[in-house]
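Below are the chains, spelled out letter by letter.
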Amino acid sequence: DAGVTQSPTHLIKTRGQQVTLRCSPKSGHDTVSWYQQALGQGPQFIFQYYEEEERQRGNFPDRFSGHQFPNYSSELNVNALLLGDSALYLCASSLFGVGEQYFGPGTRLTVT
Amino acid sequence: AQSVTQLDSQVPVFEEAPVELRCNYSSSVSVYLFWYVQYPNQGLQLLLKYLSGSTLVKGINGFEAEFNKSQTSFHLRKPSVHISDTAEYFCAVSGGSNYKLTFGKGTLLTVNP
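Trainee: Can you help me understand the overall build of chain B in this one?
Mentor: Looking only at helices and strands, chain B features 0 helices and 12 strands. Scanning chain B from its N terminus toward the C terminus, one meets helices and strands in the order β-β-β-β-β-β-β-β-β-β-β-β. At 13 Å, chain B has a C-alpha radius of gyration in line with the 13 Å of a compact globule built from 113 residues. Counting only C-alpha atoms, chain B reaches 45 × 30 × 20 Å along its principal axes. Taken across its 113 residues, chain B has 45% of its residues classed as buried.

Given below as structure tokens:
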């Protein structure tokens, strides 16, 4: 049973650039949530996608946007990168967005 | 709004000793509670969950937690730890119309030989 997968594993970008991160949910799951984890901190909720729409959003600027595809996979886009966007980006999947969420290994983004 | 407080940022223990990692939460609605473990440079792995029913929840790797509604707590325990339990542990809450997980700041458990 395939778990949550994310790509790429690591990414280095320059300030002002744009980045796209990808996530495939666990088999049987239909909801994808994205979290940002800064060094030494707990994950912070960015947004959740269900039925190809953003259902809930955390306290992140509009530079952070996303998409969910008909096969339930998802993308996270970040525009106009700032140094403070450097973090581990975690994708989590669940069924209907309720209850436990299963996390992928994350994408480590470094902005220089 | 929901919030989680993990009362200890670091907990050092010796191998085979018991351990308790403390978690308190705040919520105005019924909650779901979770403990996750994160090993260095990895994602989060679900240890255990409380959704409803019995307040004593058993998880993987010999961990258990007890939901205490009156104390708004969900402490994680293990009777005998191993070196391999060294990791960061996160308590999280969701529930009501809140689909997101709200995490605490984490507790670094270090098991020494």
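That shown, we press on.
Trainee: How do you make sense of the overall build of chain A when you look at a structure like this?
Mentor: Assigned secondary structure in chain A consists of 0 helices and 11 strands. Secondary structure elements of chain A occur, N-terminal to C-terminal, as β-β-β-β-β-β-β-β-β-β-β. Against the compact-globule benchmark of 13 Å for 112 residues, chain A has a radius of gyration of 13 Å, which places it among compact chains. Judged by the C-alpha coordinates and their principal axes, chain A covers about 40 × 25 × 25 Å. For chain A, with 112 residues in total, the buried portion stands at 51%. Across chain A, every contact between residues at least 6 apart in sequence was considered, and the portion connecting residues at least 24 apart equals 54%.

Trainee: Got a minute to help me understand the interface of chain A and chain B in this structure?
Mentor: Where the parts come together, the accessible area they lose is often given as the size of the interface. Counting residues at the interface gives 23 residues for chain A and 20 residues for chain B. When chain A packs against chain B, close to 1,600 Å² is buried across both sides, 57% of that on carbon and sulfur atoms. Sorting the residues of chain A by area buried against chain B places Gln56(A), Glu100(A) and Phe103(A) first, and these three jointly supply 29% of that buried surface. Our count for the contact surface shared by chain A and chain B stands at 1 salt bridge.

Trainee: Before we go on, may I ask you to explain the sheet that holds strand 8 (residues 74-78) of chain A in this structure?
Mentor: Within a sheet, each strand pairs with its neighbour through backbone hydrogen bonds, oriented either parallel or antiparallel. Residues and elements named next belong to chain A. On the basis of which strands lie adjacent, the open sheet formed by 4 strands has the order 1-3-8-7 and antiparallel pairing. Pairing within the sheet leaves two strands with one partner each, and these edge strands are strand 1 (5-7) and strand 7 (64-68). The mean angle between the axes of side-by-side strands here comes to 20°, regardless of whether they run parallel or antiparallel. The pairing of strand 3 (residues 19-24) with strand 8 spans 5 bridges and is classified as antiparallel. Among the inter-strand pairings, Arg-22 is bridged to a residue of strand 8, identified as Glu-75.

Trainee: Which parts of the structure should I look at to understand the nonpolar core?
Mentor: Counting residues in each nonpolar core, the largest one holds 27 residues, and the members touching the most others are Leu33(B), Trp35(B), Leu47(B), Leu48(B), Phe74(B), Leu76(B) and Tyr89(B). Broken down by element, this core gets its largest block of residues, 4 residues, from strand 10 (residues 87-95) of chain B. Counting residues in hydrophobic clusters, the runner-up holds 20 residues, among them Leu21(A), Cys23(A), Val32(A) and Ala87(A).

Trainee: Looking at this structure, I do not really get the pairing of strand 11 (residues 107-111) of chain A. What am I missing?
Mentor: Within a regular strand, the side chains alternate between the two sheet faces. Residues and elements named next belong to chain A. Burial of the side chains of strand 11 is restricted to one face: Thr-107, Leu-109 and Val-111 are buried, whereas none of Arg-108 and Thr-110 on the reverse face is. Bridge count between strand 2 (residues 10-13) and strand 11: 4 bridges; the pairing is parallel. Along strand 11, the bridge assignment pairs Lys-13 with Val-111. By the bridge criterion, 3 bridges tie strand 9 (residues 87-94) to strand 11 in an arrangement that is antiparallel.

Trainee: Hey, could you run me through the state of the cysteines in this one?
Mentor: The tally for this structure, following the rule as stated, stands at 2 disulfides over all chains. Covalent S-S linkage joins Cys23(A) and Cys91(A), the inter-sulfur distance amounting to 1.7 Å. Around the S-S axis, the bridge from Cys23(A) to Cys91(A) shows a dihedral of about -55° and counts as left-handed. Within this pair, whereas Cys23(A) is found in strand 3, its partner Cys91(A) is found in strand 9, the two being separated by 68 residues in sequence. Like Cys23(A), the residue Cys91(A) is buried in the burial classification. Each sulfur in the disulfide pair Cys23(B) and Cys91(B) lies 2.0 Å from the other. Judged by the torsion about the S-S bond (-65°), the Cys23(B)/Cys91(B) disulfide is left-handed.

About the cut-offs
Residues numbered from 1 in each chain as written. Chains lettered and ligands numbered in written order. Predicted model: local features only at pLDDT ≥ 70, side-chain atom pairs only at ≥ 80, totals over all residues. Heavy atoms only, no water. Helix = DSSP H or I, 4+ residues; strand = E, 2+ residues; numbered from the N terminus. Rg over C-alpha atoms; globule rule 2.2 N^0.38 Å. Buried < 20%, exposed > 50% of the residue type's maximum accessible area, 1.4 Å probe, protein only. Contact = heavy atoms within 4.5 Å. Buried area = accessible area lost by both parts, 1.4 Å probe. Salt bridge = Lys/Arg side-chain N within 4 Å of Asp/Glu carboxyl O. Pairing = 2+ DSSP bridges. Axes fitted to C-alpha atoms, helices over the stretch in contact; angles between N-to-C directions. Core = buried A, V, L, I, M, F, W, Y, C linked by side-chain atoms within 4.5 Å. Disulfide = S-S within 2.5 Å.

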